[in-house]
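# Summary of the model geometry
Next come the chains, spelled out residue by residue.
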Amino acid sequence: MIDKEYIDDSAKFEKQLIDICFGDIVPMEIEDKIIFQIYNSLINSLKSISALENNQLFDSAKIIVRSLFEQSLYMLYITEQNDNKSAKIRSRAFLEYRIAKDIQNTFQAFESGKVYKILPNELEKETLEKYAYKYGNCNSLKDLYLKAAIQYRQLFSNQCLKGIPNWYRIENGPRDMRKLAKRFHMETEYVVAYKYYSDLVHGSQVFNKMSNNDDTSTVIVNNLSAHMMGAVQASLLEYYGLLNAPYESLWKLFEKMIKSQVKGE
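Notes on the structure in this doc start here.

How each quantity is defined
Residues numbered from 1 in each chain as written. Predicted model: local features only at pLDDT ≥ 70, side-chain atom pairs only at ≥ 80, totals over all residues. Heavy atoms only, no water. Axes fitted to C-alpha atoms, helices over the stretch in contact; angles between N-to-C directions. Helix = DSSP H or I, 4+ residues; strand = E, 2+ residues; numbered from the N terminus. Parallel < 35°, antiparallel > 145°, perpendicular 65-115°, else oblique. Left-handed = near helix turned anticlockwise from the far one by under 90°. Contact = heavy atoms within 4.5 Å. Nonpolar A, V, L, I, M, F, W, Y, C, P; charged D, E, K, R; others polar. Buried < 20%, exposed > 50% of the residue type's maximum accessible area, 1.4 Å probe, protein only. Salt bridge = Lys/Arg side-chain N within 4 Å of Asp/Glu carboxyl O.

Moving on: the packing of helix α2 (residues 30–54) against helix α3 (residues 58–78). With their axes 9 Å apart at the nearest point, α2 and α3 run at an angle of 165° to one another. Relative to α3, α2 is oriented roughly antiparallel. Taken as a pair, α2 and α3 cross one another with a handedness that is left-handed. Taking contact as the criterion, the partners of Ile34, Ile35, Ile38, Tyr39, Ser41, Leu42, Ser45, Leu46, Ser48, Ile49, Leu52 and Glu53 in α2 are, on α3, Phe58, Ser60, Ala61, Ile64, Val65, Leu68, Gln71, Ser72, Tyr74, Met75 and Ile78. Its residues assigned to classes, the contact of α2 with α3 shows 16 nonpolar, six polar and one charged.

As a further point, take the environment of Gly163. Along the chain, the position of Gly163 falls in the loop between α7 (141–153) and α8 (177–183). A relative accessible area of 29% means that Gly163 is categorised as partly exposed. With 59 residues separating them along the chain, Gly163 and Gln104 place their C-alpha atoms 9.8 Å apart.

In this section: the pattern of salt bridges. In this structure the tally under the stated criterion is 13 salt bridges. Between Lys15 and Asp19 there is a salt bridge; the shortest N-O distance is 3.0 Å. A residue pair is termed a helical-turn pair when its members lie 3 or 4 positions apart in one helix, as Lys15 and Asp19 do in helix α1 (residues 4–21) at four residues. For Asp19, a relative accessible area of 42% corresponds to the partly exposed category. Taken together, the shared-partner salt bridges connect Glu80, Arg90, Glu171 and Arg183 into one network.

Further remarks concern unusual backbone geometry. Note: most residues except glycine have negative phi, and most peptide bonds are trans. Its identity as a non-glycine residue notwithstanding, Asn172 has a phi of 60°, on the positive side. Tracing the chain through its elements places Asn172 in the loop between α7 and α8. A residue is classified by how much of its surface remains accessible, and Asn172, at 58% relative accessible area, is exposed. In the Ramachandran plot, His185 falls in the positive-phi region, its phi being about 55° despite a non-glycine side chain. Within the secondary structure, His185 is located in the loop between α8 and α9 (187–201).

Here it is as structure tokens:
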């Protein structure tokens, strides 16, 4: 079971990292803001997994693990090169991708002409107003989507890609999630967290489970979650140049979480 102490320690790790690197006077760049936004999302995923397990909703917890795994890979990719230039390019692609996909999904939903019973008509107006600062005043969601797609693809100007390609394809990066996982030697984690647990998302694993034992399933979920968090935290220490830095409190906290992971607590 992912306990409250582990979650609290993960949050303390972030706070200490921010205090050391930025304090009250050093402004965060866009890449730093995105890095810590993703990290906060990971902590929220841990909280969700813990809450679901406490209510014995083990399959639902696995669905959140899939998201945690995906976001962990994003973090590893953004911080991979340990330099601000590469992180800036990748974090910008990540941000632009999320905006473009939001617009695309809204446009495609309304385009079908069948969703007005589900989605309020006001959503179209809200979406146009929401992104007016970035794309100007658009007359329709279609116009907004076309502008967003064109602007996003400009980030990939030398790659001749169509539609809205995955953001991590920037700089000729991995084509898909499997190759992204392979880049960080996480093929096994990919099979379990992304491919196998994806069946739960799509409802195709109602009868077939990796384990019918809830205790075993919980161990897999918790070990995988802690493993990914450990990889992310180690990557952050390296990215911000703290691997050999004399910050005893931060290192003790990191070592405590790693030991907890190894023991499977």
